[in-house]
Amino acid sequence: MKIATAAYPMDFLESWDAYAAKIEAWVAEAAGQGAELMVFPEYGSMEIATLAGRAAAADLEASLHAVSERMPQVDALHSDLAAKYGAHILAASAPVFDAAIGPRPVNRARFFAPGGGMEFQDKQIMTRFEREEWHVVGGAPLHLFDTALGKIGILICYDSEYPLLGRALRDAELLLVPSCTEAQAGYSRVRIGAMARALEQQCVAVMASTVGSCDWSEAVDTNTGMGGVFCPPDTGFPATGVIAEGQLGRPGWTFAEVDLDAVARVRNDGVVLNRSHWDDQSGRDGPVTLRALR
């Protein structure tokens, strides 16, 4: 299959029609290059807050509500585009107030299939900014999506830095990692996490990023990243563990051809078998003994 993963700049939007036209232009470009799966980044939906005005977009709490209230409309748009262009689309994640979870919002990515299906994945572990200043909370548990393209899991940004979350999605052939990182250090942390999860579970990890500056937001004011598609550096894959990568800070799609048969082959008969040998850690991961060495 062909995958498109975004380095996505957020804009101050003058109208809903401007947003709809922007998203369709991105989807149409990827579809025109043959992409069957399109991955947008974490918190890319924060540009929706500008539809409520600059003051709302600049206010941490008001921006949460402004975006969440638009989600039904945003989801209808993405569902229509998935059907129109015959693609699976992971929409940019967004803060969503869900009464079933509690009074504070979750960070939710919604996943659309061309046949009309829609599912979601909530972020599991909050960064310091999310938990200490923005008061966004962890949401519903991890899911594995059985799609026409294969089995797909989603680890939103910081979640990709936790190996046990990756292990929970061990049956995923693709791990999607939408991210939003302020500095290159943050981008590097998530990139390293995505590559590590691809190594451990012998799968392909697809990272999308927000890029550029947003002077209208305290939450997403500075964004550094690029698109990337990572793999286990083993039989049938590039020795670097990198299938494709964009240019840091440069907006646009990064495209990659991915053969999921290669995932099955490396899991069954790779030079190493990290995924199969995972349980060999059990009994060796308990408290360690401290020995003096002078």
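Residues numbered from 1 in each chain as written. Predicted model: local features only at pLDDT ≥ 70, side-chain atom pairs only at ≥ 80, totals over all residues. Heavy atoms only, no water.

## Here's the deal with the UniProt feature "domain: CN hydrolase" (unreviewed entry) in the chain
The criterion, for reference: UniProt positions are given in the numbering used here, feature names are shortened, and annotations may be inferred rather than shown by experiment. The way it works is that DSSP assigns letters per residue, a run of H or I at least four long becomes a helix, a run of E at least two long becomes a strand, and they are numbered from the N terminus.
UniProt records the feature "domain: CN hydrolase" (unreviewed entry) for residues 1-260 in the present numbering. Secondary structure within residues 1-260 divides into 31% helix and 26% strand; the distance between the first and last C-alpha atoms comes to 8 Å.

## A closer look at the nonpolar core
Operational definition: Throughout, nonpolar core names a set of buried Ala, Val, Leu, Ile, Met, Phe, Trp, Tyr and Cys residues whose side chains join them through atoms within 4.5 Å. Between buried and exposed lies partly exposed: a residue is buried under 20% and exposed over 50% of the maximum accessible area for its type, with that area taken using a 1.4 Å probe on protein chains only.
Among the nonpolar cores identified, the biggest contains 46 residues, and Tyr 19, Met 38, Phe 40, Trp 134, Val 220 and Trp 253 are the most heavily contacted of them. Mapped by element, the contributors of at least two residues to this core are strand S1 (2-9), helix H1 (16-32), helix H3 (60-85), strand S4 (94-96) and strand S5 (106-112). For this core, the leading source of residues is H3, giving 9 residues. In terms of nonpolar packing, the next biggest core, distinct from the first, is built from 45 residues, Leu 37, Ile 152, Ala 205 and Val 242 among them.

## Side note on the pattern of salt bridges
Test applied: Should a side-chain nitrogen of Lys or Arg be within 4 Å of a carboxyl oxygen of Asp or Glu, the pair is scored as a salt bridge.
Overall, the coordinates contain 15 salt bridges when judged by the stated rule. We note a salt bridge from Lys 123 to Glu 130, for which the minimum N-O separation is 2.8 Å. Put simply, Asp 11, Lys 22 and Glu 47 are held in one network by salt bridges that share partners.

## Digging into the environment of Gln 73
The criterion, for reference: Any pair of nitrogen or oxygen atoms within 3.5 Å is treated as a polar contact; in protein, a donor-acceptor pairing is required on top of that, and neighbouring residues in sequence qualify only through side-chain atoms on both sides.
Following the sequence through the fold, Gln 73 ends up in helix H3. In this structure the side chain of Gln 73 is engaged in a polar contact, spanning 2.8 Å, whose partner is the side chain of Arg 70.

## Remarks on helix H7 (residues 260-269)
Under the convention used in this document: For this quantity, the arc is that covered by the directions from the helix axis to the C-beta atoms. For this analysis, residues touch if any pair of their heavy atoms sits within 4.5 Å.
Within the span of H7, buried status applies to Leu 260, Ala 262, Val 263, Val 266 and Arg 267. In an axial view of H7, the angular spread of the buried residues amounts to 145°, which keeps them on one side of the axis. Within H7, the exposed residues directed more than 90 degrees away from the buried face are Asp 261, Arg 265, Asn 268 and Asp 269. Of the surrounding secondary structure, the elements contacted by the buried residues of H7 are strand S8 (150-154), strand S9 (174-178), helix H6 (184-201) and strand S10 (204-213). The residue sitting at the N-terminus of H7 and contributing the capping side-chain oxygen is Asp 259; that oxygen lies 2.9 Å from the backbone nitrogen of Asp 261.

## Side note on the environment of Thr 224
Structurally, Thr 224 is set in the loop between strand S11 (222-223) and strand S12 (228-230). A relative accessible area of 18% places Thr 224 in the buried class. Between the C-alpha atom of Thr 224 and that of Pro 9, which follows or precedes it by 215 residues, the distance is 10.0 Å. Excluding residues within four positions of it along the chain, Thr 224 makes contact with Thr 181, Glu 182, Ala 183, Gln 184, Tyr 187, Thr 210 and Leu 248. Among the polar contacts made by the side chain of Thr 224, one reaches the main-chain carbonyl oxygen of Glu 182 at a distance of 2.9 Å.

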